[in-house]
2 protein chains.
Amino acid sequence: MKKKGIYLDYAATTPIDSAVLKLMNDVCLSFYANPTSLHEPGRLAKKRIEEARTLVANILEVKSSEIIFPGSGTEADNLALFGIAHANKHFHFGKHIIISTIEHKAILESAERLKKEGFEISYAPVDKDGILDINKFKKLLREDTILVSIIYANNEIGTIQPMKEIAKIIKNFRSSHSGTNYPLFHTDACQAAGALNISIKELGVDLMTINGSKIYGPKGVGCLFIKKGIKIEPQIVGGGQEWGQRAGTESISLIIGLAEALKIAVGKQEKENVRLLKLRDYLIDKIEKNISYIFLNGHRTKRLPNNINFSFTGIEGEALVLYLDNAKIYCSTGSACSSLDLLPSHVLLSIGLTPELAHGSLRITLGRDTKMSDLDILVNQLVKIISNLRSISAIKINKNERK
Amino acid sequence: MKKKGIYLDYAATTPIDSAVLKLMNDVCLSFYANPTSLHEPGRLAKKRIEEARTLVANILEVKSSEIIFPGSGTEADNLALFGIAHANKHFHFGKHIIISTIEHKAILESAERLKKEGFEISYAPVDKDGILDINKFKKLLREDTILVSIIYANNEIGTIQPMKEIAKIIKNFRSSHSGTNYPLFHTDACQAAGALNISIKELGVDLMTINGSKIYGPKGVGCLFIKKGIKIEPQIVGGGQEWGQRAGTESISLIIGLAEALKIAVGKQEKENVRLLKLRDYLIDKIEKNISYIFLNGHRTKRLPNNINFSFTGIEGEALVLYLDNAKIYCSTGSACSSLDLLPSHVLLSIGLTPELAHGSLRITLGRDTKMSDLDILVNQLVKIISNLRSISAIKINKNERK
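Residues numbered from 1 in each chain as written. Chains lettered and ligands numbered in written order. Predicted model: local features only at pLDDT ≥ 70, side-chain atom pairs only at ≥ 80, totals over all residues. Heavy atoms only, no water.

**Considering the sheet that holds strand 3 (residues 96–100) of chain B**
All names here are of chain B. As summarised here, the arrangement of the 7 strands in space is 2-8-7-6-5-3-4, forming an open sheet in which the pairing is mixed. This sheet does not close on itself; its edge strands, each paired only once, are strand 2 (67–68) and strand 4 (120–124). Sheet strands in contact with helix 3 (residues 73–88) are strand 2, strand 3, strand 5 (145–149), strand 6 (184–188), strand 7 (207–211) and strand 8 (222–226), and its direction is about 160° off that of strand 7. (Pairing = 2+ DSSP bridges. Helix = DSSP H or I, 4+ residues; strand = E, 2+ residues; numbered from the N terminus. Contact = heavy atoms within 4.5 Å. Axes fitted to C-alpha atoms, helices over the stretch in contact; angles between N-to-C directions.)

**Considering the sheet that holds strand 9 (residues 294–296) of chain A**
The pairing of strands in a sheet comes from backbone hydrogen bonds and takes either a parallel or an antiparallel form. Residues and elements named next belong to chain A. Read from one edge of the open sheet, 3 strands run 9-10-12, paired in antiparallel fashion. The two strands at the open ends of the sheet, each matched to only one other strand, are strand 9 and strand 12 (361–365). Averaged over all pairs of adjacent strands, the angle between their axes in this sheet comes to 25°, without regard to strand direction. As defined by bridge partners, strand 10 (residues 307–312) adjoins strand 12 across 5 bridges and the pair is classed as antiparallel. In the sheet register, Asn 307 faces strand 12, and the bridge partner there is Thr 365.

**Some thoughts on the relation of the copies chain A and chain B**
Of the two same-sequence chains, chain A is brought onto chain B (RMSD 0.0 Å, axial shift 0.0 Å) by a rotation of 180°. The transformation relating the two chain copies, once decomposed into turn and shift, fits a two-fold axis. Taking the C-alpha atom as reference, chain A places A:Gly71 closest to the rotation axis, 2.9 Å from it. Taken as a fraction of all interface residues of chain A, those also at the interface in chain B reach 100%, which identifies the copy contact as same-surface. (Least-squares fit on C-alpha atoms with pLDDT ≥ 70 in both.)

**Thoughts on the environment of A:Leu29**
Structurally, A:Leu29 is set in helix 1 (residues 18–30). The spatial distance from the C-alpha of A:Leu29 to the C-alpha of A:Ser253 is 9.3 Å, given a sequence separation of 224 residues.

**Here's the deal with the nonpolar core**
Considering soluble globular proteins, one finds that nonpolar side chains tend to be buried as a cluster. Counting residues in hydrophobic clusters, the biggest one holds 120 residues, and the most contacted among them are A:Leu60, A:Phe137, A:Met208, B:Leu60, B:Phe137 and B:Met208. Residue contacts for A:Leu60: discarding those within four places in its chain leaves A:Ile67, A:Ile198, A:Ser199, A:Ile200, A:Lys201, A:Met208, A:Ile210 and A:Phe225. (Core = buried A, V, L, I, M, F, W, Y, C linked by side-chain atoms within 4.5 Å. Buried < 20%, exposed > 50% of the residue type's maximum accessible area, 1.4 Å probe, protein only.)

**Considering the environment of B:Ala124**
All names here are of chain B. Assignment of secondary structure puts Ala 124 in strand 4. Between the alpha carbons of Ala 124 and Ile 134 there is a distance of 8.7 Å; along the sequence they are 10 residues apart. In this structure Ala 124 touches Ile 98, Ile 99, Ser 100, Thr 101, Leu 132, Phe 137 and Leu 140, once residues within four positions along its chain are discounted.

**Describing the confidence of the model for chain A**
For chain A, mean pLDDT is 93; residues scoring 70 or higher make up 94% of the total. For this predicted complex, the interface score ipTM comes out at 0.94, alongside a pTM of 0.95. (pLDDT = per-residue confidence, 0-100.)

**Structural notes on the interface of chain A and chain B**
You'll often see interface size given as the accessible area lost when the parts meet. Between chain A and chain B, the residue contacts involve 64 residues of the former and 64 residues of the latter. Taking both sides of the interface into account, the surface hidden between chain A and chain B amounts to around 5,300 Å²; carbon and sulfur atoms contribute 61%. Looking at the side of chain A facing chain B, the largest losses of area belong to A:Tyr32, A:Leu38 and A:Val237, adding up to 13% of the total buried there. Joining chain A to chain B, the criterion identifies 6 salt bridges. (Buried area = accessible area lost by both parts, 1.4 Å probe. Salt bridge = Lys/Arg side-chain N within 4 Å of Asp/Glu carboxyl O.)

**Observations regarding the domain arrangement of chain A**
Residues and elements named next belong to chain A. On domain assignment, one finds that chain A holds domain 1 (6–14 + 269–392) and domain 2 (18–264). Measuring from the centre of the C-alpha atoms in domain 1 to the corresponding centre in domain 2 gives 28 Å. On the side of domain 2, 33 residues touch domain 1, which itself brings 30 residues to the contact. Three residues stand out in domain 1 for area buried against domain 2, namely Thr 14, Leu 304 and Arg 368, and they jointly supply 23% of the buried area on that side. Joining domain 1 to domain 2, the criterion identifies 22 residue pairs in polar contact (both at pLDDT 80 or more). If you list the elements that add at least two residues to the side of domain 1 that touches domain 2, you get helix 8 (252–290), strand 10 and helix 10 (346–350). Ranked by the residues each element gives to the side of domain 1 that touches domain 2, the list is headed by helix 10, at 4 residues. (Domains from an automatic or database assignment. Polar contact = N/O pair within 3.5 Å; in protein donor to acceptor, adjacent residues only side chain to side chain.)

**Regarding the side chain of B:Asn154**
All names here are of chain B. The residue Asn 154 is located in the loop between strand 5 and helix 6 (163–178) in this model. For Asn 154, the side chain forms a polar contact with the main-chain nitrogen of Ile 157, separated by 2.9 Å. When neighbours within four sequence positions are excluded, Asn 154 is seen to be in contact with Ile 102, Thr 159, Gln 191, Leu 304 and Val 347.

**Structural notes on the pattern of salt bridges**
Summed over the entire model, instances satisfying the criterion amount to 54 salt bridges over all chains. A salt bridge links A:Arg300 to A:Glu288; its shortest N-O distance comes to 2.7 Å. Taken as a pair, A:Arg300 in the loop between strand 9 and strand 10 and A:Glu288 in helix 8 lie far apart in primary sequence, 12 residues in all. A salt bridge links B:Asp9 to B:Arg363, with the shortest nitrogen-to-oxygen separation between them at 3.1 Å. With B:Asp9 in the loop between strand 1 (6–7) and helix 1 (18–30) and B:Arg363 in strand 12 (residues 361–365), this pair connects stretches of sequence that are 354 residues apart. Judged by relative accessible area, which is 1%, B:Asp9 ranks as buried. Through salt bridges that share partners, A:Lys46, A:Glu50, A:Arg53 and A:Glu242 make up one connected network.

Given below as structure tokens:
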């Protein structure tokens, strides 16, 4: 894989692992039939898909019948919210859903739509570091709450939520209040997979989303864990594939690609995290030492080992990204999925930034190819660009710009 | 591509074109970034996606802004029905939808769900050959009809509908009745693409579904043409990709794969159709000469050049498929997407078959690798298997079993 420049936008998407791509090719050529077909090529394709499903299930420590493969992380998130809401609204459990204020847009937009349908959405706030406010969250739980969805690790500021603690609170609430299995607990683990513990047993969630394109796997495939016994309404209907939970001819190469990518990522995780943590903290330290009037967004330690997010007073994040781009260094202002609108990041506003500071943010996300020397080049460029931009900026620098 | 046996199930899915796979690999390695990212690798990925979109648009003779890429043909069909129904129900146009009785399950199941939501569905019947009954269809059109969805070429019996005629009827109805652009006209062209004329200009449809996995392209990507100005509610929400009509990180390799596959298929179409027609009619003739008490399902000439579908009196289709499978000949009883339930094909029941005869059907679909000698081997085996199965069958053969 020949890449020009320095790619530091691994949270937007990861390049595909070459071993994954090779496997996908082999599979694509050898298992060409429709996995639903009765004949031998169909049955062989089906078998490979089921092996991939088992592989994913084993990694998550769940049953393979609890794993389905939607067409993206977004589709999996949508299915979790719409599927649970629509399948359970008719019961006495109610129409109340809780999500955090720093969810990915796939969750936020699903919640917005459910609101229009008559569901009530509560937004659990986070503190200035982007960690869920546990006390406020507890107070939001109600007997008619059917679902809680909290992002495991945030895609913009990398903040990691105390999943086990949240799961325990929900579990306690269930036994002391509803006496049912509600509220259900979903997490978007798209950024977490490959970096954090994703054992369902340990996390205690009921539904979990993973995305192929964030774990050096293929784009166009996601994974949703749905705990056995949970009623979910499919969002895509037709031929009844994936146990009736997601219709459409299964893409054997995408599914096998996701499973293999997850296996590789989890296998590398421990060693890679040590390496990335060192790089991350080196970069944070170096930026803080070399550039003034900046704020680290997100928690200093409870964050993904590959995530750095700074706000630079008096700077437009978009200008920063484009100047760095010019120097062949590829970063982001925030979420790639949010670059289609010009609104300041809802995540940064949630942790208390002013719209100006939120607009002046830069997200640097590291990955397998990132070297220490890349970060030195980045900081050198950053120092130059920021000095230059600030010299021409009309915005007055205010050291205490946080709300 | 080394394939053992004789694959005659191209309607279930096509193996990927090796040129398409090669292109997808190159693209996957070279354009790894998120197409929504602002930086150069992101912009380059975006550019390639837009080139693919333009390629598809040029083939369909439409604008590239009228093309989006859902995650499958099924998702595209679902989006057409749900998206149009939900976006237009609030207007005065109404809640009435017409589909044919021989739609793919992706349409049938969507319609079933819309029915539960309060939409009224009318089913336009087909004649004994599987051709839409135009007079009955005309009578179903109402002022509150918002959508008509008719499958271009049927996936089980290959019957081709008179699309231009249907489009003209709808157009006349619009000007003489509603005076609006309603009812809209959608067609599922998953089986038609690569075999029939798919120029939107000539067909006169407002929405059209294509599927990568039926045109020697990748599985896991579809294409939906949505005529400019049509209100459609996205079914997957999040980052606002595909002009807000389908959220989720775009898979550059799947999109480029579909576009390239379509280009190749349309390029080969004329020559390949001549070859396939000859093979198809050779096979129909040979089966009819060698096996008695059989019925050709679907129209004898107005059918896809690669489709053969027979009912064999006194035979279970599933047994037939499995005996052929044992001889390494791979066919289908009907739609692969229907093999997950045990109900007789709704398509075969629609053209007047008894449940018994519908259960005794065999679909043989030809493709690029099919040779005359494959068909001779098939007929030899068929003669043997059917004679054997009939000798042990308890079902009495009735030559006039059609209703």
